[in-house]
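# A structural walkthrough
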Amino acid sequence: MASNIGMMDSAYFVGRNEILTWINARLQLNLSRVEEAASGAVQCQLMDMTHPGVVPIHKVNFDAKTEYDMIQNYKVLQDVFNKLKIDKHVEVNRLVKGRPLDNLEFLQWLKRYCDSVNGGIMNENYNPVERRCKGGKERNIKGSQKISKSLQTNNSFSSGPGDGIGNNKISGIKQGKLAAVAGGVNSSVEIQALTKEITDLKLSVDLLEKERDFYFAKLRDIEILCQTPELENIPMAVAVKMILYAADEKESVLAEAQEIVSQSVDMREPEYSDEDH
């Protein structure tokens with residue numbers, strides 16, 4: 001299937017908007033950036049949809065925020081790959097950093113793989129929301145909400161008769177208002193800082209995508225040139241295509257490509273005899 005596809009494969013020319021639309025449609029999510037899938041939970045659920053019953057969904061933490069929790073999700077994913085004999089190494093250390101390009105490339109590969117199973121036909125019987133509720137962290141979230149509600153209920157009935165209750169209430173209200181004002185100022189500063197950070201990140205992403213597209217376009221031009229009927233069988237063109245189509249996990253084919261070129265050069269060298277001098 002798509003376990004081993006080269007960087008020049010059409011899978012890596014799928015844009016991030018198409019990837020996000022594909023994920024959101026299948027898993028009923030609302031992702032706006034590919035790095036929002038850095039926790040590995042999305043990838044686990046896509047495999048769960050593609051291969052029902054293979055992913056231990058109860059081990060997937062859909063609320064993973066720390067790198068430790070994210071790594072645990074990728075361990076689940078790698079175990080699933082091993083179980084299905086999918087020859088794909090997951091670059092966990094890069095993905096958990098939330099770098100857009102690394103996450104985009106992995107999701108591009110994953111889309112190609114999922115599309116290669118059953119022709120990419122969506123499993124209509126799969127309920128993504130229900131499956132997420134069976135995740136290990138989802139149940140904890142629901143439990144914490146119940147505890148919070150019960151604490152609020154107990155607090156509402158805990159006040160009893162006593163001296164100075166009215167004054168305490170008034171004092172508490174004033175303090176609460178002051179705290180709210182101070183909190184609002186701090187929140188405004190934090191929002192401005194985060195907004196600036198988001199803007200900077202978006203600029204960085206745009207620059208990275210432009211750079212990627214620039215080099216992809218050059219590689220595509222080289223590929224088209226090497227596929228020209230007059231050139232495609234020339235050793236140099238064969239060597240270049242060997243490098244372009246090398247699979248992700250395969251060791252560098254540069255030495256092998258150089259050998260092809262060297263052999264062609266050796267064959268072209270003229271043989272001199274004594275009569276030539």
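Just above, that's the structure.
This section reports on the structure supplied with the text. (Residues numbered from 1 in each chain as written. Predicted model: local features only at pLDDT ≥ 70, side-chain atom pairs only at ≥ 80, totals over all residues. Heavy atoms only, no water.)

### Section: the overall build of the protein
Worth spelling out the cut-off: The numbering of helices and of strands both runs from the N terminus, where a helix is a DSSP run of H or I of at least 4 residues and a strand a run of E of at least 2. Partly exposed residues are those whose accessible area sits between 20% and 50% of the maximum for their type, while under 20% is buried and over 50% is exposed, using a 1.4 Å probe and protein chains only. Contacts between residues were defined by any pair of non-hydrogen atoms, one from each residue, lying within 4.5 Å. The Shrake-Rupley method, run with a 1.4 Å probe, gives the accessible areas here. Residue values count only the displayed protein chains as cover.
What the protein contains, in helices and strands, is 10 helices and 0 strands. In sequence order, the secondary structure elements of the protein are arranged as α-α-α-α-α-α-α-α-α-α. A burial count over the protein gives 32% of its 277 residues as buried. Within the protein, contacts between residues separated by at least 24 positions form 66% of all contacts whose residues are at least 6 apart in sequence. Accessible area for the protein stands at about 18,300 Å²; split by element, carbon and sulfur atoms hold 54% of it.

### Points about the packing of aromatic side chains
So the rule is basically this: Each Phe, Tyr or Trp ring (for Trp, its six-membered ring) is paired with any other whose centre lies within 6.5 Å, and the angle between the two planes then decides the class: stacked below 30 degrees, edge-to-face above 60, tilted in between.
A full pass over the atoms with the stated rule returns 3 aromatic pairs. With centroids separated by 5.6 Å and ring planes inclined at 70°, the aromatic side chains of Phe81 and Trp109 adopt a geometry described as edge-to-face. In this pair, Phe81 is assigned in helix 3 (residues 67-83) and Trp109 in helix 5 (residues 100-116), connecting sequence segments 28 residues apart. Across this residue pair, the class does not change: Phe81 and Trp109 are buried. For the pair Trp109 and Tyr113, a centre-to-centre distance of 5.8 Å together with 10° between the ring planes defines the contact as stacked. Within this pair, Trp109 and its partner Tyr113 are both found in helix 5, separated by 4 residues, close to a single helical turn. Here a set of aromatic residues connected by ring pairs shows up, and it is made of Phe81, Phe106, Trp109 and Tyr113.

### Quick notes on the side chain of Lys241
Applicable threshold: In this tally, Lys and Arg are treated as positive and Asp and Glu as negative; His is ignored, and so are the chain termini. One speaks of a salt bridge when a side-chain nitrogen belonging to Lys or Arg is within 4 Å of a carboxyl oxygen belonging to Asp or Glu.
Along the chain, the position of Lys241 falls in helix 9 (residues 235-244). No salt bridge is formed by the buried Lys241; the nearest opposite charge belongs to Glu232, separated by 4.4 Å. In contact with Lys241, not counting residues within four places along its chain, are Cys226 and Glu232.

### A look at the pattern of salt bridges
Scanning the model with the defined rule gives 8 salt bridges in all. The closest approach of N and O atoms between Arg33 and Glu35, which form a salt bridge, is 3.9 Å.

### Considerations on helix 3
Heads up, the rule is: Helices are assigned an expected span. That span is 1.5 Å times one less than the residue count.
End to end, helix 3 covers 24 Å across 17 residues, agreeing with the expected 24 Å (1.5 Å per residue, within 8%). Within helix 3, the full set of buried residues consists of Met70, Asn73, Tyr74, Val76, Leu77, Gln78, Val80 and Phe81. Contacts from the buried residues of helix 3 go to helix 2 (41-50), helix 4 (92-95) and helix 5. Following helix 3 by one or two positions, Lys85 has its phi on the positive side, about 60°.

### Comments concerning the side chain of Asn61
Selection criterion: In protein, a polar contact requires one atom able to donate a hydrogen and another able to accept it; more generally it is a pair of N or O atoms within 3.5 Å, and residues adjacent in sequence count only if both atoms are side-chain atoms.
Assignment of secondary structure puts Asn61 in the loop between helix 2 and helix 3. Here the side chain of Asn61 touches Asp63 through a polar contact of 2.9 Å, landing on its backbone nitrogen.

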